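Here is how the chains run, residue by residue.
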Amino acid sequence: MKKAILVSLGLIIAIIGIIYISLWSKPANPETDVIIATNNIDAIDFNKIDSVSVAASTLYKGDMLKNLMQGEQYRDVWATPVKVPVVYLGQLHGGLSIIKKGGGKQTKSLRLKNEKGVVYTLRSVAKDPDPLIPEFAKTLGIENIIIDGVSAQHPYGAMVAAKLSEKINIQHTHPSLVFVPKQKQLDQYNEEYGNKLYWLEYETKGEKNWSNLENIIDLIDTEKLQERKLKYRDSLKIDKAALIRNRLFDIVIGDWDRHAKQWGWFFQKNQNHYTAIPLASDRDNAFFSIDGVLPSIISSKNIQPRLRPFEREIAYMPGLVYPFDVYFLKNTPKELFIEEANYIKANLSETAIDEAFAIWPKAIYDIHGEKIKEILISRRNDLEKYAVQFYEVLQTKEYLQKPLKGSEDTDIPKNLQQCFECL
């Protein structure tokens, strides 16, 4: 018995040791925004070139042990260079000026505006997860679990998600990859934001309508939408069909992180009635891949139910239903979910999917493109089943007892905090 206890204790110590070794292992000199074939980026005159080959990050390169314990994820994609245009803010969209530095816990961003008043955002492709690391993780020396978790995000998933969105007629922010060198237009942000790879896309709020939608007054966030519901009451509705289509599309592409702050709304006026049309932002988690011992444990429905992997089958639908969904969709008929699922299935044909994935550079597509398409098609084929499951989970949820994320400081009555139609 004593020998068995000692052997078991030895195995536990060995396993813990292996975990710590995998957590501590990292590339000798990890970098982000790595321009290929240069040793001194400051020596490059970017005015003389129109494009560069740049890798988003080498931080996630892993050895065999790391790949086993923490998963292969998209490590190779992050380190693969892509050719992108070099841009200067003064030459984009009639000239862009900086409004302010953006928020976000992992992403560097700048909010920009042109002379017509259209608002854009620069969002860094490389991530900085350090703000998400709790102190206990630093104390235990396991912060690399969180840092390395970014490797599960496909760095270029957002551009395919945008093209797929067009196939099913839902609005998106039109993200495009650009390299922004140091330049006088960055002003005081030059050192922090210059010489980096970004998504340039439309902002989800602003006074100018940049979409093809008609009669749009402005673009607003969910907090502002709630305030307008209090003002306009029954004269204001959301486009439920469009929101359901968006949420079912999230399921198809495996974008599990869809809380209230990641949505904007086109505010439309038709005579004396108003409609809010949803606009999804931040597609960083499209095609979110989880494998490896530790991520698989963490993503268990009993540990982190919202962290749903992009696999052929959805194993736990409750993890994908947010308070946001309860707030806007709880009273929606099942038939509308089924109708929107069938619309997506009919319009996301394999030809349409092939056309969307063609936007990726060949080097990126060749790594995981075929596998991602196979999973996406499998999810699309079963979407009617998932739509019914989504609806059924909604019915089990109670109305909200606290404000939506981002609306904590909004001065609205208790019943409007519970659901959008509870006023």
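Residues numbered from 1 in each chain as written. Predicted model: local features only at pLDDT ≥ 70, side-chain atom pairs only at ≥ 80, totals over all residues. Heavy atoms only, no water.

1. Quick notes on the confidence of the model for the protein chain
For the record, the criterion: Scored between 0 and 100, pLDDT is the confidence that the predictor attaches to each residue. Contacts are assigned to residue pairs with any non-hydrogen atoms lying within 4.5 Å of each other.
Per-residue pLDDT for the protein chain has a mean of 88; in total, 87% of the residues score no lower than 70. Contacts of residues 1-23 to residues separated by more than four positions or lying in other chains number 19 contacts, the stretch itself having pLDDT below 50.

2. As for the pattern of salt bridges
Applicable threshold: Salt bridges are counted wherever a side-chain nitrogen of Lys or Arg sits within 4 Å of a carboxyl oxygen of Asp or Glu. Helix and strand definitions follow DSSP, with helices as H or I runs of at least four residues and strands as E runs of at least two, each counted in order from the N terminus. Note on exposure labels: buried denotes an accessible area under 20% of the residue type's maximum, exposed denotes more than 50%, and partly exposed covers the range between, all computed with a 1.4 Å probe on protein chains only.
Tallied over the entire structure, the rule returns 25 salt bridges. Lys-167 is paired through a salt bridge with Glu-355; the nearest N and O atoms lie 2.6 Å apart. Here the residue Lys-167 occupies a position in helix H6 (residues 157-167), and Glu-355 occupies one in helix H13 (residues 350-357), the gap between them amounting to 188 residues. Overall, Lys-167 belongs to the partly exposed group, its relative accessible area being 27%. In this structure, Lys-182 engages Glu-191 in a salt bridge whose closest nitrogen and oxygen atoms are separated by 3.1 Å. Residue classification places Lys-182 among the partly exposed positions, given a relative accessible area of 29%. Put simply, Arg-247, Asp-250, Asp-255, Arg-258, Arg-283 and Asp-325 are held in one network by salt bridges that share partners.

3. Thoughts on the state of the cysteines
Stated formally: Two cysteine sulfur atoms make up a disulfide if the distance between them is within 2.5 Å.
Counted under the stated rule, the structure contains one disulfide. With its sulfur 2.0 Å from that of its partner, Cys-419 forms a disulfide with Cys-422. A torsion of 105° about the S-S bond marks the disulfide between Cys-419 and Cys-422 as right-handed. Residue classification places Cys-422 among the partly exposed positions, given a relative accessible area of 22%.

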